[in-house]
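Spelled out from the first residue to the last, the chains are:
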Amino acid sequence: MMRLELVKRTHKSRLMSVLSPLLAVAATVVFAGVVFAAQGQNPFTGVWYFFLEPVSSLWGVEQLITKATPLIIIALGLSVCYLSNNWNIGAEGQLTIGAIVGSIPPILFPNFVNPIVLPLMLVMAMAGGALYAMIPAKLKTVFGTNEILTSLMLVYCANLFLDWMVRGPWRSPQGYNFPITIDFHEWAVLNPVSIGGVYVNLSAPIALILVAVLAVVMRSTLKGFEIRVLGQSPRAGTFAGFSNRRMTTFAFALSGALAGLAGMMVVMSEIGKLQPVISPGYGFTAIIVAFLGRLNPVGILIAGLVIASSYLGGEAIQTSLQMSSKLATVIQGVLLFFVLAADTLILYRVRIVAGREGESLHA
Amino acid sequence: MLEAILLTVVTAATPLLLAAIGELVVEKSGVLNLGVEGMMVMGAVAGFAVTITTGSPFLGVLGGAVAGVLVSLIFAFVTLTLVANQVASGLALTLFGLGLSGLIGESFVGQPGIKLQSLYIPGLTDLPFVGKLLFGQDILVYLSFASVFGVSWFLNRTRGGLILRAVGDNHASAHALGYPVIGVRYLAVMFGGAMAGLGGAYMSVAYTPLWVENMTAGRGWIALALVVFASWLPWRAVFGAYLFGTVTVLQFHAQALGIGFPSQFLSMLPYLATIVVLVAISGNRRATLFNTPASLGKPFVPDR
């Protein structure tokens, strides 16, 4: 019987650090090809429609940027969490609460039409998301409660709260009883503007700025060092005078604020009002983006574009090949598995040996 | 009225109990599999699909367990053989399971299923009040209690259970003593997959014989919380599962009674209760730490 054996490398492989995400993407493309073939499609046509056709037009590129922007912004915040060993998986809920809080000006004060509304909404959304993220953070620092479970439970609560808001107190009187709020006024929406012929809205440059800022912070500031030290060795970090509790608060506040910001901008650019569902799971997909980008800001920028293309790919195979768009979610999940598996190559050499003594699958 | 409420509490608690007992064994072996939700939802779709295709709910339940095992093996390979991060891999399993079940289930949406028959023992089941409650449940309810007995006995009274706990408490020592750490963990993860799959199949074959996308609605995550709540003791998991079953059911009855309270807030109750329970249990550090498997979530690479 053949088995895999891991041999620890003396140093982290720099080559593999760069190569492993590429290997994972390549393996995912092969997997997708096999799935297309299994469904009776030509695998090459399928891969073309899923991965390449969506970005072969200018319109496709604009769509790609629109979908990638929230993923990148959320994943940047999550990367700080995961690097510092804080497992916030409730970004979807922080996105929702952020969007609700940020929507207060245009919904409750529809006559306050002023350029200041736009930045006000973004700031309020960030505050809302950050405050909502404080719940799992404080439960962790004060009581030692597992943040994975609490942050996830709060996603369900946030979505139910939004559902109540748009069916109850915030339902539009002119909405023919549909569960929607009133339309946002002109200063509460983001309209696309042309940058060199490509139409994007304000959120895309904001995402780029955030990538740059976080890249600098992580690479050349004490805060970046603190995040990494506390993540790799909490004890060593304590000796260096860093506080794990303060880091938990910081990481959750940052990721909550960015999730809230992303949610608000999705609402302001794509929907223009609140409704029961405002995100196709951006908060969860951003987890994949964060890992595919190796928790590195520039990596996340690239990973966000890759994952966003799979959303478009799902729509493309539905219209062109009459296949289910749900295949996209499966391919995203498979990609995350491949990313995690390929990361093994950074720390270990994998050898295939003939099974002898030692570990076997049958205990 | 009370009998009807108690009967629905059982149906709400059983999927939680099945999944929690499976995850309890997984965690006792030192592995943290956060993919319970993904395995449950795969069990639900497979259970429904097999039931509808073969016409047999029994085969459906079996299919649910098999589906749970199959997807748990992906997790096992990635985290045990390739020592990938268990937290991230568990999340991957959940995202993958939710996606794949949605894809598989697409053609089953809106189709009527076949309900798993409840037990009927003439005489006993007809007893007033306790009859249906004790002798009129479906087979999975009895199986859930049998698994609590079995797991409790296995962990505390058998050599295999001792090895499993040793592997979970100190994998380096267990390896040095010659126990197959990885092998034991593979088996534990597969057991967890089977139980989560059964829990999912219970939902789509016994609870509501229907397939709805994401129909597990966070129950896998609640099951994970139950394991912490139970501080890794099987009997406490029963208490926890029935407590959550009661909260879930009270919410439905409150909605039916038309209490002037928005239904969305009532629907939040199980999730809020999970948070409250987790906070309460984390206040009791000593009891928790005593039973926590010491190697939980830590990667293991055998040295030769």
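A quick note: this is a predicted structure, and the numbers were derived from the prediction, not measured.

About the thresholds
Residues numbered from 1 in each chain as written. Chains lettered and ligands numbered in written order. Predicted model: local features only at pLDDT ≥ 70, side-chain atom pairs only at ≥ 80, totals over all residues. Helix = DSSP H or I, 4+ residues; strand = E, 2+ residues; numbered from the N terminus. Rg over C-alpha atoms; globule rule 2.2 N^0.38 Å. Buried ≥ 20, exposed ≤ 12 C-beta atoms within 10 Å, placed from the backbone. Contact = placed C-beta atoms within 7 Å. pLDDT = per-residue confidence, 0-100. Nonpolar A, V, L, I, M, F, W, Y, C, P; charged D, E, K, R; others polar. Axes fitted to C-alpha atoms, helices over the stretch in contact; angles between N-to-C directions. Left-handed = near helix turned anticlockwise from the far one by under 90°. Parallel < 35°, antiparallel > 145°, perpendicular 65-115°, else oblique. Expected span 1.5 Å × (residues − 1). Arc of directions from axis to C-beta. Core = buried A, V, L, I, M, F, W, Y, C linked by C-beta atoms within 7 Å.

Here we come to the overall build of chain B. Summing up its helical and strand segments, chain B has 14 helices and 0 strands in all. Each helix (α) and strand (β) of chain B, taken in turn from the N terminus, gives the series α-α-α-α-α-α-α-α-α-α-α-α-α-α. Compactness check: chain B gives a C-alpha radius of gyration of 19 Å against a globular reference of 19 Å for 304 residues, within 12% of the reference. Overall size of chain B, expressed as C-alpha extent along the three principal axes, is 60 × 45 × 45 Å. The 304 residues of chain B split such that 54% are buried. At a minimum sequence separation of 6, the contacts of chain B that also span at least 24 residues come to 78%.

Counting its secondary structure elements, chain A contains 14 helices and 4 strands. The C-alpha atoms of chain A give a radius of gyration of 22 Å, which matches the 21 Å a tight globule of 363 residues would have. Seen through its C-alpha atoms, chain A measures out along the principal axes to roughly 75 × 60 × 45 Å. Taking all 363 residues of chain A together, the buried fraction comes to 50%. Looking at chain A alone, contacts between residues at least 24 apart form 75% of all its contacts between residues at least 6 apart.

Looking now at the confidence of the model for chain A. Confidence in the prediction for chain A averages 89 pLDDT; 97% of positions are at 70 or higher. Mean pLDDT values over the elements of chain A span from 77, in strand β1 (residues 2-8) of chain A, up to 97, in helix α4 (residues 91-102) of chain A.

This part is about the interface of chain A and chain B. The interface is formed by 46 residues belonging to chain A together with 48 residues belonging to chain B. Secondary structure elements with two or more residues in the side of chain A that touches chain B: β1, α6 (117-143), α7 (147-167), α12 (282-292) and α14 (327-347) of chain A. When residues in the side of chain A that touches chain B are grouped by element, the largest group, 12 residues, is from α14 of chain A. For the side of chain A that touches chain B, the per-class residue count stands at 28 nonpolar, 13 polar and 5 charged.

What follows covers the packing of α6 of chain A against helix α11 (residues 244-271) of chain A. A pair of packed helices is characterised by two quantities: the angle between their axes and the separation of those axes. All names here are of chain A. It is at 6 Å that the axes of α6 and α11 come closest, and there the two elements cross at 145°. Considering only the axes of α6 and α11, their crossing is right-handed. When grouped by side-chain class, the residues that make up the contact of α6 with α11 number 16 nonpolar, 9 polar and 2 charged.

In this section: the packing of helix α11 (residues 234-257) of chain B against helix α13 (residues 269-283) of chain B. Residue and element names in this part refer to chain B. For the pair α11 and α13, the least separation of the axes is 9 Å and the interaxial angle reads 150°. Classified by the angle their axes make, α11 and α13 are roughly antiparallel. As for the relative orientation of α11 and α13, their crossing is right-handed in sense. For the pair formed by α11 and α13, the contact residues are Phe244, Val247, Thr248 and Gln251 on the first element and Leu269, Pro270 and Ala273 on the second. Class assignment for the residues of the contact of α11 with α13 results in 5 nonpolar, 2 polar and no charged.

Residues and elements named next belong to chain B. When the terminal C-alpha atoms of α13 are compared, their 21 Å separation across 15 residues agrees well with the 21 Å that a helix rising 1.5 Å per residue should span. Every buried residue belonging to α13 is among Pro270, Tyr271, Thr274, Ile275, Val277, Leu278 and Ile281, and all of these are buried. For α13, the arc enclosing every buried residue in end-on projection is 165°, short of the 170-degree limit, so these residues lie on one face. Across α13 from its buried face, at more than 90 degrees, point the exposed residues Val276 and Ala280.

Now for the confidence of the model for chain B. Of all residues in chain B, 97% attain a pLDDT of 70 or more, and the chain-wide mean is 89. The complex model carries a pTM of 0.89, and its ipTM stands at 0.87.

In this structure, Ile72, Ile74 and Val289 of chain A together with Ala20, Leu226 and Ala237 of chain B are the most contacted members of the largest nonpolar core, which totals 221 residues. The element contributing the most residues to this core is helix α9 (residues 181-207) of chain B, with 18 residues. Not counting chain neighbours up to four residues away, the residues in contact with Leu226 of chain B comprise Leu16, Ala20, Ala237, Gly240 and Ala241 of chain B.

In this section: unusual backbone geometry. Despite not being glycine, Asn177 of chain A has its phi angle at roughly 70°, a positive value. Within the secondary structure, Asn177 of chain A sits in the loop between α7 and β2 (193-195). Looking at Asn177 of chain A, the number of C-beta atoms within 10 Å reads 9, which means it is exposed. We note that Val83 of chain B has phi near 40°; this positive angle belongs to a residue other than glycine. Residue Val83 of chain B is classed as buried on the basis of its 20 C-beta neighbours within 10 Å.

With respect to the element layout, Pro169 of chain A can be found in the loop between α7 and β2. For the pair Pro169 of chain A and Val306 of chain A, spaced 137 residues apart in the sequence, the C-alpha separation amounts to 39 Å.

What follows concerns the environment of Met265 of chain A. All names here are of chain A. Turning to its location among the elements, Met265 is positioned in helix α11. Classification of Met265 by C-beta neighbours within 10 Å gives buried; the count is 27. Contact partners of Met265, with chain neighbours within four places excluded, come to Pro70, Leu190 and Ser203.

What follows covers the environment of Thr94 of chain B. All names here are of chain B. With respect to the helices and strands, Thr94 occurs in helix α4 (residues 86-105). Linking Thr94 and Gly220, residues 126 residues apart in sequence, is a C-alpha distance of 9.2 Å. Excluding its chain neighbours within four sequence positions, the residues that come into contact with Thr94 are Leu34, Gly35, Glu37 and Gly38.

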